[in-house]
Structure formats: structure tokens, C-alpha cells
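# Structure at a glance
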2 protein chains.
Amino acid sequence: MKIDIVGRGNVGMHLLKAFNNAGMQDVNIINPHTLEGLDAHSDLILIAVADSAIESVAGALDAQLSILPSGKLPIIAHTSGATSMNILSVPGTKYGVFYPLQTFSKGVDLNYSEIPIFIEGNDNETSKTLENIAKLISDKVYYANSEQRHGLHLASVLACNFVNHLWSLSEDILNRYNLDFSVMRPLIEETMRKANTHSPSEVQTGPASRLDYNTIESHLAMLQNNPALHNIYSLLSESIINKTKEIKSKHTGLID
Amino acid sequence: MKIDIVGRGNVGMHLLKAFNNAGMQDVNIINPHTLEGLDAHSDLILIAVADSAIESVAGALDAQLSILPSGKLPIIAHTSGATSMNILSVPGTKYGVFYPLQTFSKGVDLNYSEIPIFIEGNDNETSKTLENIAKLISDKVYYANSEQRHGLHLASVLACNFVNHLWSLSEDILNRYNLDFSVMRPLIEETMRKANTHSPSEVQTGPASRLDYNTIESHLAMLQNNPALHNIYSLLSESIINKTKEIKSKHTGLID
């Protein structure tokens, strides 16, 4: 099994490490600008570059492969959540997606077997090969078509990027009152533990979920000099209130 | 040391357990409606009821204490983040706040020594007594005046209640695409781990933080039939973009 990883960013370097940890030594990192060392005999060529660069790198790859001597056709797959498989479509080739759902940082070790990998292939054989390769590094391999992967990516923006930003806004508020964000950590950890063992909507707490309009109003008054955060607080509270009422009316419906 | 806890909700029951775990056996739960068994010789009476009921319970307490035989004055403190200390103000009495920053669920064991407790007293002696009692159950005891505690409460709504709601919205999206929320957990855990070891604003990732307007637009297009979530996505992305630019301009300022 030979794999070329085109891209030298966090995703590429972590995938290299994951494959090496799984005992696969014939994995090479390829410079996306020169494609130097690209091997047309590889089983899989992973394009791990910024979303906006995938199409041009794929074009360069196809051009390069067409002039290299080859006995077989490598699968070309990108690693992006937000990019359709069809961006790689070239008639007569094998292509797909190999999307690890994780946030990768330089120098941070991860347990790769826990990281879900979502694969998609342009035909059944390609899907099966990508699945088998993914299973070498992860216990959580799923098939997802491009539409599902877009949903997954959107859901991850809410669950991770937006969540981290709320922590950052929370830190700003604490700093304004001369308090340190570290005081919030036990509460954050318990909130996560609850959401890990339940559906998050079942364990929603706070002023909005108990329809405590007095507290909501007093928080909004504290934010009157920060219109952006005032709006965020209003919208999220409204969303929680609507969901709470929806859940209640469902339960009432059951009892009636 | 004798403590009466007025209120039979999650906060009261968890505080009882925390005191008992710390070897304090003379702690009693008092029914807030009857105040039966209230002891004017207690050192501390904790009012652990819904925010909206604190004032009336405090009034009933004062009336009851005035007719009980007593040699000393118990400290009366509430356990609320969103309520000022002065709601308990009665001339000639000792009062304060004993606010544990945690989300308490029935039947869930917690490591009480990790839970930050914020105390406030109407005079130095009361503050000191509350601090000493808090230190019996927690390693993290802080003084916070009512304004700081309001800030803390607002910050905790953002960092926990809103965060949990974003997870719930994320789950809705995943379900729409026939995917299970459990696939998101390793990513959520890693996001939390990063925010635990850095300032959250330093580890912000995602389309908005890399000013990737194409992905933002494609996510917004997926939400066109859900105006509420569309607005939330827009506002939070805008907020991340503004913060990213702010941080960048600060760094540029340093280099110039």
C-alpha cells in the first residue's frame, strides 16, 4: 500500500502520522506547488490542501499523472468537508473523499482511532478501497455522500467553531469584571459531560429554558453597550425559548 | 457548625451532600413553604430556591427568626448568581451570598472540591465566615461582589447554556442528514481541550476565522428554509470575523 499526501498543512501531517502509527511506512508528503516525487504507482493520492486550492491542485495532478509511466490508476481523494466529490471528476479515473472529522493542531498528539472518517467514492470499488484504508487508522469509518458531508461540516461549525467563539465572548465578559476564564472550566466540563450522555436538547438549562424573562432582560441590559453581543444573546435566547415550547407542546400532545 | 439549607431543589441537595462529604453532619434541609425545623441557633441559613422566590422566602425567614429564641444571629445567604446580595438586607442582620458555579443534576455525583464558590458578605466578618465555610467543601473560593457575580452569571449563560443549545441545533442538522450526534463528540472534546489550555480566542478555527466567505455563503444557503438559524449563523460568523480582524490589526500594530 503506497499513499501520497499532497499538502504540508496540519491535516496532511496528521494523516501521515496516523498512517505511520498504523504501520504503513510507504506514505509520502508531496509539495502541492511542485508535485515533486509524485508516484503514479501509488494506491491513493490524498489532496490535503485549502478548499480553494483543491481544484487547481487536482488539475495539476491529472496533468502530471498523464505523463508519468503507470500500470494502474491511483485513487485521487480530497480531505475536505465542505467540498463536493465531483470537483475531482475526470472521466476514466477513480476519485473520492477521505474526510477526517477533527480539528488538527501542529504538535498536538491525537488518538487517531477515535477520529471519525467519512469516505465517498465515485464507484463501489473505490468506496470499498477508501473504507479499507480508513479502517487502518480509525475505528469509526462511515460512508457519507457529498450532501451529508456538507451537513456534517455545517453541524461541526455550530458545535465547535461557534462554541469556541461563545467561550471567547464569555472570557471577554469575565475579564471586564476582573474574573479569569478558568473559573468557568468546571461548569463547561460538566455541561459537556451531560451533552455526552444525553441528547443536548434534553439537558438544556439556563434562564431561556425556564422562560425566566426577568433574568434575560437583566442580562440584555448589561449588554446595552455591545449591540453585536446583545443581538447574539437575544437570538439564542429566542431560539432556546422556541425549542423549549416545542418540546413542551409535544409532551402535552402525548398526555392529551 | 450548624447549617440550615432552605430549599429542596438540586442546589440544596448537592450542597447538603458536599457538607456531609466534608464531615459536617449538622446540616438540615428545610421546606421553604413551612420553614419547619428552622433553628435560630444555626451558624448559616442558605436560601437555595428559585431566584423569583428568594425575596419572599427571606421575608418569611426573618419573621420566623424574630419569634424564635436565639442567642446569636445566623448569617442568611442565598445561592443565586443572578440576584443581588441587597435583596437580603435587613438592618442589624448578617447576610451574604454563597454561589456555587456549577450546573447541578439530580443523582449525578460531582467532585465538589473543584466547584468554584463565590461569596459576598454584608461586612468583613460575614465575608470571612462565608469564606471559611466555603473552603470546607471547595478548593476554589473567591470573593465576588454582586456586580461581578452578575457578570459571572451572564458569562456562564454564554459558555454553557448557549453552548449546549448550539450542540442541540447541531444535532438537529445531523439528524436531517441521517447522521448521529455521536460522530461530533471527538471533535467537541478536542475543541474543549484546546480552549482549556489556551485563551479560546487564540484557538478559533472555522470558515469565519479564516475569512472563507465562500463556505459561509454555502452554509447560509443550506439554512435558507430556517430563518432563525440562518440569523444565528450570520451573527456569530460576523462576530468571529470582527474579532479575527481586531486580533490581526493588533498584531500588525505591534509589527509596524
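Residues numbered from 1 in each chain as written. Chains lettered and ligands numbered in written order. Predicted model: local features only at pLDDT ≥ 70, side-chain atom pairs only at ≥ 80, totals over all residues. Heavy atoms only, no water.

### Some details on the overall build of chain A
The helix and strand inventory of chain A stands at seven helices and seven strands. Moving toward the C terminus, one meets the helices and strands of chain A in the order β-α-β-β-α-β-β-β-α-β-α-α-α-α. Taken over C-alpha atoms, the radius of gyration comes to 23 Å for chain A, far larger than the 18 Å a tight globule of 256 residues would show. Each principal axis of the C-alpha distribution contributes one length, and for chain A these read about 75 × 50 × 30 Å. The proportion of buried residues among the 256 residues of chain A is 55%. Taking contacts inside chain A between residues at least 6 apart in sequence as the whole, the part at least 24 apart equals 60%. Here chain A has roughly 11,200 Å² of accessible surface; of this, 50% comes from carbon and sulfur atoms. (Helix = DSSP H or I, 4+ residues; strand = E, 2+ residues; numbered from the N terminus. Rg over C-alpha atoms; globule rule 2.2 N^0.38 Å. Buried < 20%, exposed > 50% of the residue type's maximum accessible area, 1.4 Å probe, protein only. Contact = heavy atoms within 4.5 Å. Areas by Shrake-Rupley, 256 points an atom, 1.4 Å probe, with all protein chains shown as cover.)

### Considerations on the nonpolar core
Leu166 and Met184 of chain A together with Leu166 and Met184 of chain B are the most contacted members of the largest nonpolar core, which totals 113 residues. Excluding residues within four positions of it along the chain, Leu166 of chain B makes contact with Leu158, Phe162, Val163, Leu166 and Leu236 of chain A together with Ile232 and Leu236 of chain B. (Core = buried A, V, L, I, M, F, W, Y, C linked by side-chain atoms within 4.5 Å.)

### Re the pairing of strand E4 (residues 75-78) of chain A
All names here are of chain A. Burial along E4 is two-sided: the residues Ile75 and Ala77 and Ile76 and His78 are all buried. Bridging between strand E3 (residues 44-47) and E4 involves four bridges; their strand directions are parallel. Among the inter-strand pairings, Leu44 is bridged to a residue of E4, identified as Ile75. (Pairing = 2+ DSSP bridges.)

### Observations concerning the sheet that holds strand E6 (residues 117-121) of chain B
Residues and elements named next belong to chain B. Taking strand neighbours across the sheet as the criterion, the seven strands line up as E2-E1-E3-E4-E5-E6-E7 in an open arrangement whose pairing is mixed. At either end of the open sheet lies a strand with only one pairing partner, and these are strand E2 (27-30) and strand E7 (141-143). The average undirected angle you get between the axes of adjacent strands in this sheet is 25°. Relative to strand E3 (residues 44-47), helix H2 (residues 54-67) is tilted by about 150°, and along the sheet it contacts strand E1 (3-6), E3 and strand E4 (75-78). The sheet contacts of helix H4 (residues 146-176) involve E4, strand E5 (94-100), E6 and E7, and relative to E5 the element is tilted by about 20°. (Axes fitted to C-alpha atoms, helices over the stretch in contact; angles between N-to-C directions.)

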